[in-house]
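Below are the chains, spelled out letter by letter.
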Amino acid sequence: RGTSRGFICASIPTATYESILRAGQKYPQFIIPVPREGESVDAETSKAYEFFILQWDVYDSPPVPSPDAPFVPPIDKSPNARASTVIFTPLAEYKLRQTFAAPHLVLTFHTDFSSSHGVVLLRGEITPRANNPSDFVLSQQDAQLLAMGIQSFYLWGGEKGEERGNLLRTFHERPGDFKWEELIKLGDVLA
């Protein structure tokens, strides 16, 4: 993973991305806790958290350009994986403004090389502050934690992955049984 001010990036093997994407299509919203300094809401760990809601959007596969006619769209179905975007917004802002809430981080998965090179490229853009465009609403570390939250909760392998996958399923299928304390316990590994 590389980072630059206001951006994060990564490359992901196509098979890993497709596994994450299947979960994202089935469960397109979730919340990710990010540790914060300040007054604790969790007496056991003495940490405070800010919750971010995430939303998946999935798009058609990008076409494979023809070397003979690079600007003519191919007729056949593209062998590339479907492209997607994940938007992160603080839960408090989403509750206040709902669909008008400003995203703080936008992750875009570029799948142009998924069939030819077996890799998906990730570009994350952190939203700049309105009153100071050289400053950002999230730190690089927080943006990386949110991106890692996708991997932690949407890639279900191993014991912890299964627990996180079960929590994601509970969030959607049995919301009355969802416990934010369990989310803190499983999400705290990210910090």
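Look above for the structure.
The rules behind the values
- Residues numbered from 1 in each chain as written.
- Predicted model: local features only at pLDDT ≥ 70, side-chain atom pairs only at ≥ 80, totals over all residues.
- Heavy atoms only, no water.
- Helix = DSSP H or I, 4+ residues; strand = E, 2+ residues; numbered from the N terminus.
- Contact = heavy atoms within 4.5 Å.
- Buried < 20%, exposed > 50% of the residue type's maximum accessible area, 1.4 Å probe, protein only.
- Phe/Tyr/Trp six-rings, centres within 6.5 Å; stacked < 30°, edge-to-face > 60°.
- Lys NZ or Arg CZ within 6 Å of the ring centre and 35° of its normal.

Draft legend 1. The environment of threonine 89, seen in detail. With respect to the secondary-structure elements, threonine 89 resides in strand β5 (residues 84-90). Between the C-alpha atoms of threonine 89 and isoleucine 31, which are 58 residues apart in sequence, the distance is 9.4 Å. Each residue touching threonine 89, except ones within four places of it in the same chain, is listed here: Phe51, Phe52, Ile53, Tyr94, Ala101, Ala102, Pro103 and His104.

Draft legend 2. Molecular detail of unusual backbone geometry. For glutamine 98, which is not a glycine, the phi torsion comes out positive at approximately 50°. Relative to the helices and strands, glutamine 98 resides in the loop between α2 (91-97) and β6 (105-110). The partly exposed category is assigned to glutamine 98, whose relative accessible area is 48%.

Draft legend 3. Quick peek at the packing of aromatic side chains. Evaluation of the coordinates by the stated rule reveals nine aromatic pairs. Ring centres of tryptophan 56 and phenylalanine 109 lie 5.8 Å apart, and the angle between their planes is 10°; on these two criteria the pair is classed as stacked. Here phenylalanine 109 lies in strand β6 and tryptophan 56 lies in strand β4 (residues 48-58), a separation of 53 residues in the sequence. The rings of Tyr17, Trp56, Phe109 and Tyr154 are connected pair by pair, giving a single aromatic cluster. The lysine or arginine in question, arginine 164, covers the ring of phenylalanine 153, its NZ or CZ lying 5.9 Å from the ring centre. Over the ring of tryptophan 156 we find arginine 169; its NZ or CZ atom is 4.5 Å from the centre of that ring.

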